[in-house]
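Listed below are the residues making up each chain.
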Amino acid sequence: MTTKNTGVSPIEASRTSHSDPQTDPGKVELHARNVHFDLSQAPLHWIPGHPVASNFISVLNLMLPEGERWFVQTFNEALPLVQDDELAADMRGFVGQEAMHAEAHDKAVEEWLIGHGIDATGYQKQMEWIFRKALGPREGGTPEERRKHLIERLWLIAAVEHYTAILGDFALNSRWADVGADPNMTDLFTWHGAEEVEHRAVAHDAASYFADSALRRARAMSVALPVLAVLIVRGFRFIMKSDDSVHYSMIGKNLEYFRGARAGVLPKIRHLLGATFTYFRPGFKPTDIGDTAQAVAYLASSPGARRAA
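Just so it is clear, the structure is predicted and the values come from calculations on it, not from any experiment.

## A word on the overall build of the protein chain
Part 1: When helices and strands are tallied, the protein chain shows twelve helices and zero strands.
Part 2: Going residue by residue from the N terminus, the α and β elements of the protein chain occur as α-α-α-α-α-α-α-α-α-α-α-α.
Part 3: Counting only C-alpha atoms and orienting by the principal axes, one finds that the protein chain spans roughly 55 × 45 × 35 Å.
Part 4: Residue burial in the protein chain is summarised as follows: out of 309 residues, 53% are buried.
Part 5: For the protein chain, restricting intrachain contacts to residue pairs at least 6 apart in sequence, the fraction spanning at least 24 positions comes to 86%.
Part 6: Counting every atom, the protein chain has about 14600 Å² of accessible surface; 56% of that belongs to carbon and sulfur.
Part 7: Here the protein chain contributes 32 positive and 38 negative side-chain charges, whose respective centroids are spaced 6 Å apart.

This is the structure:
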């Protein structure tokens, strides 16, 4: 799929696709896309008039790379055990995309965040310990114990991917571009979000392949939700403490968050909580979140992807 140069922005093109049911692309072959995002001119507060929202979204640059490398490691551990060729192909596409996500956000930290005086070392070391040690593969034990531990990690990834799909759908429909956000930073997060929507069912399908259990699914979500919340809040506090250009009280930060949510540059808390409960709904399917056609339309026109093609 290609997008002609009609003066329509990539996000506007994807919104048009989202509103047209005739654009459903059907089954999409997942693959990693080479990308390049020039963040050299992006300000730290890349959403104008919303420093708190800018820093809150920027936490993802710090948190995601280690988590995505953990996804890759766990899927590579599981792949030799998968006998379903279609699922294995989807898992390999998922691995390629997640590896590229980690690389893109690492570059954002190295080439952009550090350049703005935010030393990320302390927070990054915490992420390394969590995803490499606490959540890494289990050494020793019986083959049955190692397999059980692998399945628990696959379900935990599926629970996390529920939220990345929700955030991906938010990115595709956010008002960042409308309020004049830096186009390259907007493209970075929207490209990532579009791929999260594109592969939103893979982690759930992989975990279900090994052990389709409502109990395992619920247990994984009971871990994923508080852990993600803590990591995001810690990352936000880390960036805000390092950002000498803004000074907000706790109440002020909360008010700024809700102002950003009303402006469409941050996800609404009630939406995130409501989406959490859908995960426990009988008959839940990851494809109920987001729109594949909208995601594919954006990915076809993403400046960062086209620049590196």
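## Focus on the pattern of salt bridges
Part 1: Enumeration over the complete set of coordinates arrives at 15 salt bridges.
Part 2: The partner of Arg216 in a salt bridge is Glu152, with the nearest N and O atoms 2.9 Å apart. Pair noted here: Arg216 is in helix α8 (residues 214-242) and Glu152 is in helix α5 (residues 143-173), with a separation of 64 residues, a long-range link.
Part 3: According to the relative accessible area criterion, Glu152 is partly exposed, its value standing at 23%.

## Topic: the environment of Leu113
Part 1: You can see Leu113 is positioned in helix α3 (residues 85-113).
Part 2: The class for Leu113 is buried, based on a relative accessible area of 0%.
Part 3: Distance from Leu113 to Gly136, taken between C-alpha atoms, is 27 Å for residues 23 residues apart in sequence.
Part 4: In contact with Leu113, other than residues within four places in its own chain, are Leu44, Leu62, Ala108 and Ile118.

## Describing the nonpolar core
Part 1: Counting 93 residues, the largest nonpolar core has Trp46, Phe75, Met91, Trp176 and Trp191 as its most contacted members.
Part 2: Among the elements that make up this core, the one with the highest residue count is α5 (15 residues).
Part 3: Aside from chain neighbours lying at most four places away, what touches Trp46 is Ser54, Ile57, Ser58, Trp112, Trp176, Ala181, Asp182, Met185, Thr186 and Phe189.

## Observations regarding the confidence of the model for the protein chain
Part 1: Here the protein chain averages 92 in pLDDT, and 92% of its residues register 70 or above.
Part 2: Within the protein chain, helix α6 (residues 183-198) carries the highest mean pLDDT (98), whereas helix α1 (residues 10-18) carries the lowest (59).

## Here's the deal with a nonpolar patch on the surface
Part 1: Taken together, the side chains of Phe258, Ile269, Leu273 and Phe277 present a nonpolar region at the surface, about 410 Å² in accessible area.
Part 2: Tallying contributions element by element places helix α10 (residues 269-278) first for the nonpolar patch, with three residues.
Part 3: Mapped onto the elements of the fold, Phe258 is located in helix α9 (residues 250-262).

## Overview of helix α7 (residues 202-211)
Part 1: Most of α7 sits inside the fold, with eight of its ten residues counted as buried.
Part 2: Listed as buried for α7 are Val202, Ala203, His204, Ala206, Ala207, Ser208, Phe210 and Ala211.
Part 3: Buried positions along α7 lie against α2 (51-78), α3, α5 and α8.

Basis of the calculations
- Residues numbered from 1 in each chain as written.
- Predicted model: local features only at pLDDT ≥ 70, side-chain atom pairs only at ≥ 80, totals over all residues.
- Heavy atoms only, no water.
- Helix = DSSP H or I, 4+ residues; strand = E, 2+ residues; numbered from the N terminus.
- Buried < 20%, exposed > 50% of the residue type's maximum accessible area, 1.4 Å probe, protein only.
- Contact = heavy atoms within 4.5 Å.
- Areas by Shrake-Rupley, 256 points an atom, 1.4 Å probe, with all protein chains shown as cover.
- Lys, Arg positive; Asp, Glu negative; His and termini not counted.
- Charge placed at Lys NZ, Arg CZ, Asp CG, Glu CD.
- Salt bridge = Lys/Arg side-chain N within 4 Å of Asp/Glu carboxyl O.
- Core = buried A, V, L, I, M, F, W, Y, C linked by side-chain atoms within 4.5 Å.
- pLDDT = per-residue confidence, 0-100.
- Patch = residues over 30% accessible without salt bridge, like charges linked within 9 Å, V, L, I, M, F, W, Y side chains within 5 Å.

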